[in-house]
Amino acid sequence: MAEERETSDFDFDRWSKMAQQDPEKFEAMRQQLINDVIEQAPLHLKQRMAGLQWQVDQIRKQANNPMVACLQISQKMWGNVLGEKGLLNALQEPKKLLSALKKEHVGKVLSFERYKSSKRV
């Protein structure tokens, strides 16, 4: 199992073959890889990542088949990107995002619009 964790390249064919030939080993490898990624994440992200993985696991357990699980997980992902508090909204409104963080050491967000108009090449 150490071999699977040492390589950074994902070999889809190998994983697919493993899923077909030995589903239990595939599941153990999959779970180990997920745990490794969460373990290597920055401390401030670990709890969120573990929580998201738990939600994904619950969707997979409750789904009637893998395709239903895939669709539900995909819908959840897109909801987190496009939803009201999603990534897209946060990227479009960085000042609002920064103020929501409520950290003491958040710096001032500078606008570079005035520099664009004054410096012509």
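These remarks concern the structure in this document.

Rules used throughout
- Residues numbered from 1 in each chain as written.
- Predicted model: local features only at pLDDT ≥ 70, side-chain atom pairs only at ≥ 80, totals over all residues.
- Heavy atoms only, no water.
- Helix = DSSP H or I, 4+ residues; strand = E, 2+ residues; numbered from the N terminus.
- Buried < 20%, exposed > 50% of the residue type's maximum accessible area, 1.4 Å probe, protein only.
- Lys, Arg positive; Asp, Glu negative; His and termini not counted.
- Salt bridge = Lys/Arg side-chain N within 4 Å of Asp/Glu carboxyl O.
- Expected span 1.5 Å × (residues − 1).
- Polar contact = N/O pair within 3.5 Å; in protein donor to acceptor, adjacent residues only side chain to side chain.
- Axes fitted to C-alpha atoms, helices over the stretch in contact; angles between N-to-C directions.
- Parallel < 35°, antiparallel > 145°, perpendicular 65-115°, else oblique.
- Contact = heavy atoms within 4.5 Å.
- Nonpolar A, V, L, I, M, F, W, Y, C, P; charged D, E, K, R; others polar.
- Left-handed = near helix turned anticlockwise from the far one by under 90°.

Inspection of the secondary structure assignment puts Asp 57 in helix α4 (residues 43-62). Buried and unpaired, Asp 57 has no salt bridge, with Arg 30 as the nearest side chain of opposite charge at 4.1 Å.

Compared with an ideal rise of 1.5 Å per residue, which puts 17 residues at 24 Å, helix α5 (residues 66-82) spans 24 Å between its outermost C-alpha atoms and is within 8% of the ideal. At the N-terminal end of α5, a side-chain oxygen is found 3.0 Å from the backbone nitrogen of Met 67, two or three residues along, and the residue is Asn 65.

Summarising the element assignment, Asp 36 is placed in helix α3 (residues 23-40). Exposure remark for Asp 36: the relative accessible area of 15% places this residue in the buried category. At a separation of 2.8 Å, a polar atom in the side chain of Asp 36 contacts the side chain of Gln 32.

The subject of this paragraph is the packing of helix α2 (residues 12-21) against α3. Here α2 crosses α3 at 135 degrees, and the two axes come no closer than 5 Å. The orientation of α2 with respect to α3, classified from their angle, is oblique. Facing α2, whose interface residues are Arg 14, Trp 15, Met 18, Ala 19, Gln 20 and Gln 21, α3 presents Pro 23, Lys 25, Phe 26, Met 29, Arg 30 and Leu 33. Along the lines of polarity and charge, the residues of the contact of α2 with α3 split into seven nonpolar, two polar and three charged.

On to the packing of α4 against α5, then. Closest axis-to-axis distance for the α4/α5 pair is 9 Å, and the angle between their directions is 150 degrees. The way α4 lies across α5 gives a crossing that is right-handed. Residues Gln 55, Val 56, Ile 59 and Arg 60 of α4 form the contact with α5, whose participating residues are Ala 69, Gln 72, Ile 73 and Lys 76. Of the residues belonging to the contact of α4 with α5, the class tally is four nonpolar, two polar and two charged.

The next subject is the pattern of salt bridges. Taken as a whole and judged by the stated rule, the model has three salt bridges. Residue Glu 27 pairs with Arg 30 through a salt bridge whose shortest N-O separation is 2.5 Å. Highlighted residues: Glu 27 and Arg 30, both in helix α3, separated by three residues, approximately one helical turn. Take Glu 27: its relative accessible area is 29%, and that puts it in the partly exposed class.

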